Amino acid sequence: IKNTSAHQARYEEVLASAATLENAIQSREQGLLDEIRNLARLDFILTLVLGLLALASTLLVAGLYRRLRSLLVQVRRYAEEGARLLRNEHAARTEAENAVQARDEVLGIVTHDLLNPLNTITISAALLDQPSISEDKRAHHMAIIRRSVDGMTRLIQDLLNVAKVKTGLLSLER
């Protein structure tokens, strides 16, 4: 009988240990299940974050691509504007060179047209200095000098009028 009581106590002790062990196992299983659930949540969150990062990087790349295209369009416009300005500058330079050449030609003609009457005046004045010149010859050379001075005056007046027209001080009427 003592054996039975000892066995019974040992049996209850084993049962209590088994219950404690089962509780520990169940508690550990519950902890593991909670950890698995937490890991599943973390996995979901990580997947969500990775998806958002992929979306953000796609949007960033698309935005950068649009910005790059916009910058390329701007660069093309600037290049076209630069080429246009270069063509305009070339045309303006050619026009200025032509104007300088025309001015030089006009100055050559004006110089020639002023020197001829001046030479005539110089020659006539030298002839007037001769003591043996007759009154008819004196009158003739004085008339030559007057005509030459009148021609030079008209030429200089015409040049001044052209300058006034260019500066807007004088207008031409038809």
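For the structure itself, look to the data block above.
Not measured: the values here are computed from a predicted model.

Q: So what's going on with the overall build of the protein? Which residues, and what values?
A: Scanning the protein from terminus to terminus reveals two helices and zero strands. Relative to the compact-globule value of 16 Å for 174 residues, the protein shows a C-alpha radius of gyration of 58 Å, a clear excess of over 25%. Buried residues in the protein amount to 7% of all 174 residues. Of all intrachain contacts in the protein linking residues separated by at least 6 positions in sequence, the fraction that spans at least 24 positions is 47%. Taken as a whole, the protein presents about 15000 Å² of accessible surface, with 63% of it coming from carbon and sulfur. On the protein, the mean spot of the 22 positive side-chain charges and the mean spot of the 21 negative ones are 2 Å from each other.

Q: Would you mind going over the pattern of salt bridges in detail, with residue names and values included?
A: When the charged atoms of two side chains lie near each other, side chains of opposite charge can form a pair. If you walk through the whole model with that rule in mind, you get six salt bridges. The closest approach of N and O atoms between Asp34 and Arg37, which form a salt bridge, is 2.7 Å. On the criterion of helical spacing, the pair formed by Asp34 and Arg37 is a turn pair, its members being three residues apart in helix H1 (residues 2–128). With relative accessibility at 33%, the residue Asp34 sits in the partly exposed group.

Q: Break down the side chain of His141 for me, with residues and values.
A: Counting through the fold element by element, His141 comes out in helix H2 (residues 135–167). Judged by relative accessible area, His141 falls into the buried class, the value being 11%. Discounting chain neighbours no more than four positions away, the residues touching His141 are Ser124, Leu127, Leu128 and Ile133.

Q: Kindly report on the side chain of Ser148, identifying the contributing residues and their values.
A: Structurally, the position occupied by Ser148 is in helix H2. Ignoring any residue separated from it by four or fewer positions in sequence, one finds Ser148 in contact with Pro117, Thr120 and Ile121.

Q: Please set out a nonpolar patch on the surface residue by residue, giving values where relevant.
A: On the surface, a nonpolar cluster with roughly 1100 Å² of combined accessible area is contributed by Leu39, Leu42, Phe44, Ile45, Leu48, Val49, Leu50, Leu52, Leu53, Leu55 and Leu59. Relative to the elements of secondary structure, Ile45 occurs in helix H1.

Q: Talk me through the layout of surface pockets; I want residue IDs and the actual numbers.
A: In this structure, the largest pocket spans a volume of roughly 260 Å³. Forming the walls of the largest pocket are Arg103, Val106, Leu107, Val110, Leu155, Asp158, Leu159, Val162, Ala163 and Lys166. In the lining of the largest pocket, the residues fall into seven nonpolar, no polar and three charged.

Q: If you had to explain H2 to someone new, which residues and values would you point to?
A: Helix length check: H2, at 33 residues, gives a terminal C-alpha distance of 47 Å against a target of 48 Å (1.5 Å per residue), a fit within 8%. Within H2 the residues assigned to the buried category are His141, Ile144, Ile145, Ser148, Met152 and Leu155. Once H2 finishes, Gly168 follows within two positions and takes phi at roughly 90 degrees, a positive value.

Q: Give me the nonpolar core: which residues, what numbers.
A: Judged by nonpolar contacts, Ile121, Leu128, Ile133, Ile145 and Met152 together constitute the single largest core of five residues. Of all the secondary structure elements, the ones that give two or more residues to this core are H1 and H2. If we ignore the near neighbours within four places in the chain, the residues touching Ile121 are Ile145, Ser148, Val149 and Met152.

Q: How would you sum up the environment of Ala62? Please name residues and give values.
A: Structurally, the position occupied by Ala62 is in helix H1. Judged by relative accessible area, Ala62 falls into the partly exposed class, the value being 27%.

Calculation criteria
The residue numbering used here restarts from 1 in each chain and proceeds along that chain's sequence as written. Confidence filtering applies because this is a predicted model: local features only for residues at pLDDT of at least 70, side-chain atom pairs given and counted only at 80 or more, and all residues used for totals across whole chains, interfaces and linings. As a rule here, side-chain values come from all non-hydrogen atoms in the structure, and water together with hydrogens is ignored. The helix and strand labels rest on DSSP assignments: H or I over at least four residues marks a helix, E over at least two residues marks a strand, and numbering proceeds from the N terminus. Throughout, the radius of gyration refers to the C-alpha atoms, and the reference size of a globule is 2.2 Å times the residue count to the power 0.38. Per-residue accessibility, obtained with a 1.4 Å probe over protein chains only, is compared with the maximum for each type, and a residue is labelled buried under 20%, exposed over 50%, and partly exposed between these values. Pairs of residues are marked as contacts when any of their non-hydrogen atoms sit within 4.5 Å. For every accessible area listed, the method is Shrake-Rupley and the probe measures 1.4 Å; residues are considered covered only by the protein chains on display. In summary, the charge assignment counts Lys and Arg as positive and Asp and Glu as negative, without counting His or the chain termini. We put the charge of a Lys on NZ, of an Arg on CZ, of an Asp on CG and of a Glu on CD. Whenever Lys or Arg places a side-chain nitrogen within 4 Å of a carboxyl oxygen from Asp or Glu, that contact is recorded as a salt bridge. Each patch groups residues whose relative accessible area exceeds 30% and which form no salt bridge, using 9 Å between like charges and 5 Å between nonpolar side chains of Val, Leu, Ile, Met, Phe, Trp and Tyr. Using a grid of 1 Å spacing that covers the protein atoms alone, one calls a set of points a cavity when a 1.4 Å probe fits there but cannot get out, and a pocket when the set is open and has protein on both sides within 12 Å along at least five of seven lines; lining residues are those with an atom within 4 Å of a point. Grid points are joined across faces, edges and corners, and a volume is the space filled by probe spheres set on the points. Gly falls in the polar group here, along with every residue not listed as nonpolar (Ala, Val, Leu, Ile, Met, Phe, Trp, Tyr, Cys, Pro) or charged (Asp, Glu, Lys, Arg). An expected span of 1.5 Å times one less than the residue number is assigned to each helix. Residue types Ala, Val, Leu, Ile, Met, Phe, Trp, Tyr and Cys, when buried and joined through side-chain atoms within 4.5 Å, form a set referred to as a nonpolar core.

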